[in-house]
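What the coordinates show
Here is how the chains run, residue by residue.
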Amino acid sequence: QSGQEGGGEGAPPAFLTRRKKSFKDTLIYQVVDHVSQAAKVGVAVIGADCLALIGKLMGNDHDLMDNFSRIFSKVAYTGWITHRLQAFKRYL
């Protein structure tokens, strides 16, 4: 009987012998990673807004300064979304 699968007194339970996924392979890690990266991009956008405001306060009132925050945020978020879609495609 010791050669039978799942039988015998010394065999560990099935839930202990299953191979576990690493945490990076789980869906919760992917969700947390997406939120974390979105927050980092958001902080960079806020930093760009602050730089544009400082530039305006110093007297650099050009059309570029008016649109700098909007342009930077669009480029940053579009780049991030593209990168995350590529990573998500690899995950599937």
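See the structure printed just above.
Below is a summary of the structure that appears in this document. (Residues numbered from 1 in each chain as written. Predicted model: local features only at pLDDT ≥ 70, side-chain atom pairs only at ≥ 80, totals over all residues. Heavy atoms only, no water.)

Under the counting rule described, the total for this entry stands at one salt bridge. One salt bridge connects Arg84 with Asp33, and the closest N-O pair in it is separated by 3.3 Å. Of this pair, Arg84 sits in helix H3 (residues 63–91) while Asp33 sits in helix H2 (residues 27–57), placing them 51 residues apart in sequence. (Salt bridge = Lys/Arg side-chain N within 4 Å of Asp/Glu carboxyl O. Helix = DSSP H or I, 4+ residues; strand = E, 2+ residues; numbered from the N terminus.)

The final tally for this structure, using the stated rule, is one aromatic pair. On the basis of an interplanar angle of 25° and a centroid distance of 6.2 Å, the ring pair of Phe68 and Phe72 is categorised as stacked. One end of the pair is Phe68 and the other is Phe72, both in helix H3 and four residues apart, which spans about a single turn. In this structure Phe68 comes out as partly exposed when scored by relative accessible area, which is 29%. Under the relative-accessibility criterion, Phe72 is labelled partly exposed at 30%. (Phe/Tyr/Trp six-rings, centres within 6.5 Å; stacked < 30°, edge-to-face > 60°. Buried < 20%, exposed > 50% of the residue type's maximum accessible area, 1.4 Å probe, protein only.)

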